[in-house]
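# A structural walkthrough
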Amino acid sequence: MLEDLQKHLNRLMNEQNNRPIPDFEGYSPAEMHSILHFTFERSSPISLQKLDAADYRKIPLLNQVKYLATLIEDKGELKLTKLGFLPLNVVADIYDLGLIKDKYFELRSPKQLREADVPAITLSRILLIIAGLVKKRSNKLSLTKQGQKIIQNDGALRRLIIRTYGEKFNWAYFDGFGENGIGQMGFGFSLILVSRYGQDWKKVSFYTQKYFKAFPDLLNVPDPPYSNRIADCENCFTYRVFENFMRYFGLVEVKYEGELWKNNLSVLKTDLFDKLISVEMPKQV
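On a predicted model such as this, the values are computed, not experimentally measured, just so you know.

Sheet architecture is open: three strands sit in the order β2-β4-β3, paired in antiparallel fashion. The open sheet has two edge strands, β2 (78–79) and β3 (134–137), and neither has a second partner. Relative to strand β4 (residues 140–143), β2 runs antiparallel, the two sharing two bridges. Across the sheet, residue Lys79 finds its bridge partner in β4, namely Lys140. Against the sheet, helix α4 (residues 60–75) contacts β2, β3 and β4, and its axis sits at roughly 95 degrees relative to β4.

Shown next, in the form of structure tokens:
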């Protein structure tokens, strides 16, 4: 009798966990669990595809990270400034590559370019360290054995960098939106949304509405002092997901309209997106 009851309860629970949820774009709670916690693993509908050499050169952050790693390898070790930043000449060399332009820096014309002026350059340094490719000792950077090996393999480096960015790097590090999970939590779901709807230019509001419909609890943040809470959360999502994450990996084009600091932009997925990111449709039960 008890065995029959347990089998019945297990069946009900399984049905509950595998039912399609409209707010999850038709994915089940079980599938969403994999999207959230095992984004690029086999249980997830999202996978990273192998690219040819020409396509790897289209990933800005990958190439910026690789350039810095190679520079460190060539020098043997790279001495940082007293505050722990990259030297001015190295920062200038990286920015001059033109891989990731900074919209705010482009509006100014300082005499010298410091690492703190361009968050994407700081990001490259941090990713190399937390990915285990570079070690920091006595205020100097040098490649680890793992780093020496992986920077020779674009596919392995790409996979490590995108996973490190998504799973280990704190997305709130560069902005004033507060310590919350907006954007980073469910970044795989954002990839699914762009995969499904990104073939045409769309206002970011289209994606923010779908994202917060799936994760409404992320809207429960303190009210900002000078703006609307919902609008602030939407701006946070836009900045972290599109202006940073997806733009850095060459997955979207971003088109600004009006003032740069306002959440008034549209996005379009690139050809590289579909080559790099594969998404399975939800399994209907």
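Read on, since the account is not over.
A word on the nonpolar core. Formed by 81 residues in total, the largest nonpolar core has its most connected members in Leu61, Leu86 and Phe242. It is helix α11 (residues 229–248) that contributes the most residues to this core, eight residues altogether. Once residues within four sequence positions are removed from consideration, Leu86 is found in contact with Leu68, Leu78, Leu80, Thr81, Val91, Ile94, Glu115, Ile121, Arg125 and Leu141.

With that out of the way, let us pick up the packing of aromatic side chains. Evaluation of the coordinates by the stated rule reveals 22 aromatic pairs. Pairing Phe177 with Tyr239 gives two aromatic rings, centres 6.4 Å apart and planes at 45 degrees, and the pair type is tilted. Remark: Tyr239 occurs in helix α11 and Phe177 occurs in the loop between α8 (154–167) and α9 (187–197); sequence separation between them is 62 residues. Taking relative accessible area as the criterion, Tyr239 reaches 17% and is therefore assigned buried. An aromatic cluster is built from Phe40, Tyr165, Phe169, Trp171, Tyr173, Phe174, Phe187, Phe245 and Phe249, whose rings are joined through pairwise contacts. The ring of Phe206 is capped by Lys202, whose NZ or CZ atom sits 5.4 Å from the centre of that ring.

When the sulfur atoms of two cysteines share a covalent bond, that bond is a disulfide. Following the criterion strictly, the structure yields zero disulfides and no others. Free of any disulfide, Cys233 has its nearest cysteine sulfur in Cys236, 6.9 Å distant.

The next point concerns the pairing of β3. Pairing of β3 with β4 involves four bridges; the strand directions are antiparallel. Each bridged residue has a counterpart across the sheet, and for Val134 the counterpart in β4 is Leu143. Where β3 folds back onto β4 in an antiparallel hairpin, the turn is made up of two residues, including Ser138, whose phi is positive at roughly 55 degrees.

Here α4 is 16 residues long and its end C-alpha atoms lie 23 Å apart, about the 22 Å a rise of 1.5 Å per residue gives. Of the positions making up α4, those classed as buried are Pro60, Leu61, Leu62, Asn63, Gln64, Val65, Leu68, Ala69, Leu71 and Ile72. Gly76 lies just past α4 and shows a positive phi near 90 degrees.

For helix α5 (residues 88–96), the full list of buried residues reads Val90, Val91, Ile94 and Tyr95. Relative to the axis of α5, the buried residues are bounded by an arc of 130 degrees and lie together on one face. Buried-residue contacts for α5 involve α4, β2 and α6 (119–130). Gly98 lies just past α5 and shows a positive phi near 75 degrees.

Criteria and thresholds
Residues numbered from 1 in each chain as written. Predicted model: local features only at pLDDT ≥ 70, side-chain atom pairs only at ≥ 80, totals over all residues. Heavy atoms only, no water. Pairing = 2+ DSSP bridges. Helix = DSSP H or I, 4+ residues; strand = E, 2+ residues; numbered from the N terminus. Contact = heavy atoms within 4.5 Å. Axes fitted to C-alpha atoms, helices over the stretch in contact; angles between N-to-C directions. Core = buried A, V, L, I, M, F, W, Y, C linked by side-chain atoms within 4.5 Å. Buried < 20%, exposed > 50% of the residue type's maximum accessible area, 1.4 Å probe, protein only. Phe/Tyr/Trp six-rings, centres within 6.5 Å; stacked < 30°, edge-to-face > 60°. Lys NZ or Arg CZ within 6 Å of the ring centre and 35° of its normal. Disulfide = S-S within 2.5 Å. Expected span 1.5 Å × (residues − 1). Arc of directions from axis to C-beta.

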